[in-house]
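Commentary on secondary and tertiary structure
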Amino acid sequence: MIRKKGIMAAALAAVLACQTFPAFGGAAPDGKTLAQDTEAAQGGAYDAWKERWKELSGDWTQVSITPGADETQMNFAWYSRKGEDAGYRYGKQADLSDGTDAEVKSTDAQEGYQSNKVTLTGLEPGSVYYYQAGGKAVSRLETRDPDSFSFIFVGDPQIGSSNEEKAKKPEDILKDTFKTAQYESVMSDSFNWNHTLELAVEKAGSDPAFVLSAGDQIQTNAKKVKDGTVSEIEYAGYLSPEVLKSLPVATTVGNHDADNANYTWHFNVPNLSTLGSNGIVGGDYSFRYGDALFMMLNTQDTNVAEHRQFMEETIKANADCKWRIVTLHQDIYGSAEHSNEPEITNLRYELVPIFEENDVDVVLTGHDHAYSRTYLLEGGKKSFEYDDDSFEAQLEKDIDNGDSKEILFTAPLNIKKNTVDPDEITYLQYLAAVMDTDAIVSKKRESVDPEGILYMTAGSSSGSKYYDLTPRKQTYIASRWQEVPTYSVVDIDSESFTINTYRTDTNEKIDEQVRIVKTK
């Protein structure tokens with residue numbers, strides 16, 4: 001799933017008391033939300049989307065927008081067919097009568113296509129602009145006030161993951177049943193993704209500065225199917241929301257994005273570094289918006305020395321930023337099925353000291369397809385010896401639902417605390433050790449000049465796939481939730497970082513507001 005370059009050793013062994021919590025029933029059918037079953041699809045909405053999808057599904061040329069290096073810049077990327085118009089024009093008049101041609105940098109992409117990239121500079125805050133990319137329809141942009149702004153935080157759109165026939169080898173993609181299933185699943189996931197973003201933009205007062213995605217934009221891994229074009233219909237769905245024609249998205253590299261160069265052709269990220277690169281989709285990148293510095297780590301490469309170097313260099317170059325926010329894909333302090341995996345907890349104990357040494361305020365993650373929020377944490381460290389393959393059998397056994405068709409939000413608890421099996425006893429000792437009880441420094445939802453870091457894991461923003469919550473709620477978890485797609489709205493100004501998280505079926509909160517205040 002992710003590539004290891006080195007694991008930090010630990011010394012102490014400790015066993016904490018292991019707590020159990022009862023499971024509770026109910027979840028979306030088959031661990032996903034099908035668009036046709038949602039309230040948003042009623043009244044002919046999904047039928048209309050099906051008609052629109054007939055055209056969109058084959059369009060690989062939709063424009064993506066990414067935040068620029070700072071609030072005065074904005075980045076664009078799009079495919080064009082070779083030989084077709086790849087020009088870019090922008091201005092402040094809707095008819096572009098005052099338009100200026102921007103420099104377009106083009107590279108070869110999928111066969112018959114080229115990837116085009118543009119960076120706009122000198123943008124004024126609180127202003128309206130219009131742009132036209134590659135002869136497409138003119139679209140509207142509006143810049144925001146960097147002194148007080150909001151952004152939308154989402155996790156794992158993973159467009160196409162609701163497909164029951166997930167392609168795992170080259171022959172899978174040759175089946176007519178796969179092609180039909182992929183078409184229909186991407187259509188469903190994209191409808192839900194549209195709905196989530198529309199709700200989030202409205203909830204944010206129709207003026208978020210950008211979206212921040214914690215990774216896994218699409219489903220199909222290129223290496224498994226030996227064909228990098230199979231995921232292009234999924235990118236077509238990901239880029240299909242109307243709001244994305246005027247709203248930048250800061251994407252994080254997830255394990256489903258990392259093995260295919262089409263990620264780099266569809267997105268134009270700022271300040272892209274070679275540090276943290278997995279050799280296919282580039283390394284870490286950063287941008288600043290007002291007083292906030294965003295550091296986006298490609299932890300599909302877990303060379304923590306390079307991530308450390310990237311962060312230190314980036315922070316030094318942006319020493320005046322008050323807020324330091326890190327995003328990575330893996331849920332190093334999550335609470336669903338991935339969160340207790342040794343490869344995740346090993347990564348936790350390598351990264352946490354780096355975050356703390358560099359005074360990071362908030363860490364935003366995904367991967368677990370379930371929402372969770374930690375208390376403020378500091379000093380988490382490895383206190384139990386294990387390797388990357390340890391406990392795999394016990395992890396599977398603990399959450400195995402057998403042949404049962406029962407739908408769950410929380411995984412079964414099959415390994416009991418009174419077990420006499422030596423392997424299971426060691427497994428429970430491991431789980432107790434990674435609870436990180438001693439790392440909790442504050443349980444307040446509103447903190448002034450706090451010590452510690454807040455870790456947030458986003459749930460699925462499209463409903464394409466859910467993971468069950470762990471049967472033992474980790475001690476470090478303040479709140480967790482899993483039922484339907486979710487999104488968060490984050491507000492930042494010179495003194496405060498505030499986050500609220502919502503469910504998409506009722507648009508109500510799933511957690512209480514969390515706020516960090518800085519007076520220093």
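Attention in this report is confined to the structure presented alongside it.

Calculation notes
Residues numbered from 1 in each chain as written. Predicted model: local features only at pLDDT ≥ 70, side-chain atom pairs only at ≥ 80, totals over all residues. Heavy atoms only, no water. Helix = DSSP H or I, 4+ residues; strand = E, 2+ residues; numbered from the N terminus. Rg over C-alpha atoms; globule rule 2.2 N^0.38 Å. Buried < 20%, exposed > 50% of the residue type's maximum accessible area, 1.4 Å probe, protein only. Contact = heavy atoms within 4.5 Å. Areas by Shrake-Rupley, 256 points an atom, 1.4 Å probe, with all protein chains shown as cover. Expected span 1.5 Å × (residues − 1). Bend = angle between axes of the 7 residues up to and from the residue. Pairing = 2+ DSSP bridges. Arc of directions from axis to C-beta. Patch = residues over 30% accessible without salt bridge, like charges linked within 9 Å, V, L, I, M, F, W, Y side chains within 5 Å. Salt bridge = Lys/Arg side-chain N within 4 Å of Asp/Glu carboxyl O. Lys, Arg positive; Asp, Glu negative; His and termini not counted. Charge placed at Lys NZ, Arg CZ, Asp CG, Glu CD. Axes fitted to C-alpha atoms, helices over the stretch in contact; angles between N-to-C directions.

We now examine the overall build of the protein chain. For the protein chain, the count of helices and strands is nine helices and 24 strands. For 520 residues, the compact-globule estimate of 2.2 N^0.38 gives 24 Å, and the C-alpha radius of gyration of the protein chain, at 22 Å, lies within 12% of that figure. Structurally, the protein chain occupies a C-alpha span of about 75 × 60 × 45 Å along its principal axes. Buried positions account for 60% of the 520 residues belonging to the protein chain. Within the protein chain, counting contacts between residues at least 6 apart in sequence, those at least 24 apart form 75% of the total. Counting every atom, the protein chain has about 20400 Å² of accessible surface; 47% of that belongs to carbon and sulfur.

Within the secondary structure, I173 is located in the loop between β9 (148-154) and α2 (176-203). Taking relative accessible area as the criterion, I173 reaches 12% and is therefore assigned buried. Separated by 12 residues in the primary sequence, I173 and S161 have C-alpha atoms spaced 14 Å apart. In this view, I173 contacts A167, F178, K179, V225, D227 and V230; residues no more than four positions away in its chain are not counted.

What follows is about helix α7 (residues 342-357). Spanning 16 residues, α7 covers 23 Å between terminal C-alpha atoms, matching the ideal 22 Å at 1.5 Å per step. Of all the bends in α7, the largest measures some 30° and sits at L351, one to four residues before the proline P353. Of all 16 residues making up α7, 13 are buried, and the element is well covered by its neighbours. Looking one or two residues beyond α7, the residue adopting positive phi is D359, at roughly 55°.

So, on to the pairing of strand β5 (residues 105-108). As judged from the four bridges shared by β5 and strand β6 (residues 113-120), these two strands associate in the antiparallel manner. Across the sheet, residue T107 finds its bridge partner in β6, namely S115.

Bringing the environment of A133 into the picture now. Residue placement: A133 occurs in strand β7 (residues 128-133). On the basis of relative accessibility, which here comes to 1%, the residue A133 falls in the buried class. Through-space distance from the C-alpha of A133 to that of V104 is 9.7 Å; in sequence the pair is 29 residues apart. Those residues in contact with A133, other than ones at most four positions away along the chain, are V63, W78, G87 and Y88.

Here the focus is the side chain of N358. The topology assignment puts N358 in the loop between α7 and β15 (362-365). Ignoring any residue separated from it by four or fewer positions in sequence, one finds N358 in contact with M311, E312, I315 and R324.

Our focus in this paragraph is helix α6 (residues 304-317). Residues that lie three or four places apart on an α-helix share one face, since the helix turns once every 3.6 residues. With 14 residues, α6 extends 20 Å between its outermost C-alpha atoms, agreeing within 8% with the 20 Å of an ideal straight helix rising 1.5 Å per residue. Every buried residue of α6 is listed here: V304, H307, F310, M311, T314 and I315. Looking down the long axis of α6, one finds its buried residues gathered within 120° of arc, a one-sided arrangement. Opposite the buried face of α6, at more than 90 degrees from it, the exposed residues are A305, K316 and A317. Tucked inside the fold, the buried residues of α6 contact β12 (285-289), β13 (292-296), β14 (323-327) and α7.

What follows deals with a negative patch on the surface. Side chains of D387, D388, D389, E392, E396, D400 and D403 sit close together on the surface and give a patch of like negative charge. Its location among the elements puts D387 in the loop between β17 (376-377) and α8 (392-399).

What follows is about the sheet that holds β13. Reading across the sheet, the seven strands line up as β12-β13-β14-β15-β20-β16-β21 and stay open at both edges, with mixed pairing between neighbours. Taken across any chain shown, the strands that pair with only one partner, and hence form the sheet edges, are β12 and β21 (477-481). The average angle at which neighbouring strand axes cross in this sheet is 15°, direction not considered. Note that strand β16 (residues 371-374) and β21 share four bridges and pair antiparallel. Residue pairing across strands places Y371 opposite W481, the latter belonging to β21. Set on the sheet, α6 makes contact with β12, β13 and β14; between it and β13 the angle comes to about 160°.

Moving on to the pattern of salt bridges. In this structure the tally under the stated criterion is 23 salt bridges. Its salt-bridge partner being D172, residue K175 comes within 3.8 Å of it at the nearest N-O pair. You can call D172 buried: its relative accessible area is 8%. The salt bridge partner of R308 is E357, with a shortest N-O separation of 2.5 Å. A residue pair is termed long-range when its members are at least 10 positions apart, and R308 in helix α6 and E357 in helix α7 qualify at 49 residues. Residue classification places R308 among the partly exposed residues on the basis of a relative accessible area of 27%. A network of salt bridges, in which partner residues are shared, links R52, E242 and K245.

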